[in-house]
Amino acid sequence: MNIVKVERFQTCNFCQKPAHYDAPMRGRSTWAYFCDDCYAERGSHNTGTKFVLMTDDEVAHSKCGDEVYDAKLEDQFMASVDIEELMEESLFGDSCGVEVADGCMVEPDGKCCHGYSSPLLLAGLI
Ligand SMILES: [Zn+2]
Ligand SMILES: [Zn+2]
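Because the structure is a prediction, the values reported are computed rather than measured.

**Points about the overall build of the protein**
Right, on to step 1. Scanning the protein from N- to C-terminus turns up five helices and six strands.
Right, on to step 2. The buried share of the protein, taken over its 126 residues, is 23%.
Right, on to step 3. Of the contacts formed within the protein by residues at least 6 apart in sequence, a portion of 46% connects residues at least 24 apart.

As structure tokens, then:
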């Protein structure tokens, strides 16, 4: 995942919470700052690009494997993914992987180091 170091967090474009992501909006080419909740609701999950904003401290603690797998996050993510579109994209698109719940990119039948599986795998398509 792409990590951007920030001095302090931007404000989410949709509410007043601190933004943790800089990413495209779902269905648009416009980018916005999102907090976690607004990203789940409005962020584009199918384009591979998103930047995760972190303060220095967080970057230091974000080593692979430190994040804890959260089944609820994975459920939420699955609910927001358009599986058919994703399937098509991974078969015919030029993206080299699919995004999992925490923003990592994995092989279409893979799992990231934090324990989140590819949506295609979860949906039983692979
Ligand atoms: Zn928000
Ligand atoms: Zn991960």
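What follows picks up the thread again.
**Points about the sheet that holds strand E2 (residues 21–24)**
Right, on to step 1. Spatial strand order, E1-E4-E2-E3: four strands in an open sheet with mixed pairing. Every interior strand has two partners, whereas the edge strands, strand E1 (2–5) and strand E3 (31–34), have only one. Shown here is a sheet whose adjacent strand axes are inclined to one another by a mean of 30°, direction ignored.
Right, on to step 2. As judged from the four bridges shared by E2 and E3, these two strands associate in the antiparallel manner. Across the sheet, the residue bridging to Tyr21 is Phe34, located in E3.

**Regarding the nonpolar core**
Right, on to step 1. Judged by nonpolar contacts, Cys12, Ala19, Tyr21, Ala23, Ala32, Tyr33, Phe34, Cys35, Cys38 and Tyr39 together constitute the single largest core of ten residues.
Right, on to step 2. Listing elements by their share of this core, those giving two or more residues are E2, E3 and helix H1 (36–42).
Right, on to step 3. Looking at which element gives the most residues to this core, the answer is E3, with three residues.
Right, on to step 4. Apart from residues no more than four positions distant in its own chain, Tyr21 is found in contact with Phe34, Tyr39, Gly43, Lys50, Phe51, Val52 and Leu53.
Right, on to step 5. Listed in part, the nine residues of the second largest apolar core include Phe77, Leu86, Val98 and Ala101.

**Structural notes on the environment of Leu73**
Right, on to step 1. Mapping Leu73 onto the fold places it in helix H3 (residues 71–80).
Right, on to step 2. Owing to 18 C-beta atoms within 10 Å, Leu73 belongs among the partly exposed residues under this scheme.
Right, on to step 3. In this structure, the C-alpha to C-alpha distance between Leu73 and Ala40, residues 33 residues apart in sequence, is 9.1 Å.
Right, on to step 4. Beyond its immediate sequence surroundings of up to four residues, Leu73 is in contact with Ala101 and Asp102.

**Brief notes about the pairing of strand E4 (residues 51–54)**
Right, on to step 1. Of the pairings in the sheet, the one linking E1 to E4 comprises four bridges and is parallel in character. Looking at E4, one finds that Val4 is bridged to Leu53.
Right, on to step 2. Where E2 lies against E4, two bridges are found, and the strand directions are antiparallel. Pairing of Asp22 across the sheet is with Phe51, part of E4.

**Here we look at the environment of Gly97**
Right, on to step 1. Within the secondary structure, Gly97 is located in the loop between helix H4 (83–92) and strand E5 (98–99).
Right, on to step 2. Residue Gly97 is classed as partly exposed on the basis of its C-beta count, with 15 C-beta atoms lying within 10 Å.
Right, on to step 3. Here the alpha-carbon distance between Gly97 and Pro108, two residues eleven residues apart in the chain, equals 5.8 Å.
Right, on to step 4. If we ignore the near neighbours within four places in the chain, the residues touching Gly97 are Met105, Val106 and Glu107.

**Concerning the environment of Cys15**
Right, on to step 1. With respect to the element layout, Cys15 can be found in the loop between E1 and E2.
Right, on to step 2. The exposure class assigned to Cys15 is exposed, which follows from the 11 C-beta atoms found within 10 Å.
Right, on to step 3. In this structure, the C-alpha to C-alpha distance between Cys15 and Cys38, residues 23 residues apart in sequence, is 7.9 Å.

Calculation criteria
Throughout, residues of each chain are indexed from 1 in the direction in which the sequence is written. Chain labels run from A onward and ligand labels from 1 onward, assigned in the order the entries are written. At least 70 in pLDDT is required for a residue's local features to be given in this predicted model, at least 80 for side-chain atom pairs to be given and counted, and no such filter applies to totals for whole chains, interfaces and linings, which use all residues. What counts as a helix is a DSSP run of H or I of at least four residues, what counts as a strand is a run of E of at least two, and both are numbered from the N terminus. Here a residue counts as buried when 20 or more other C-beta atoms sit within 10 Å of its C-beta, as exposed when there are 12 or fewer, and as partly exposed otherwise, the C-beta atoms being derived from the backbone. Residues are defined as contacting one another if the C-beta atoms placed from their backbone atoms lie within 7 Å. One bridge is not enough; two strands pair if DSSP finds at least two bridges between them. Structural elements are reduced to axes, namely lines fitted to C-alpha atoms, with helices fitted over the stretch in contact, and the angle between N-to-C directions of any two is expressed from 0 to 180 degrees. Take the buried Ala, Val, Leu, Ile, Met, Phe, Trp, Tyr and Cys residues, join any whose C-beta atoms are within 7 Å, and the set you get is a nonpolar core.

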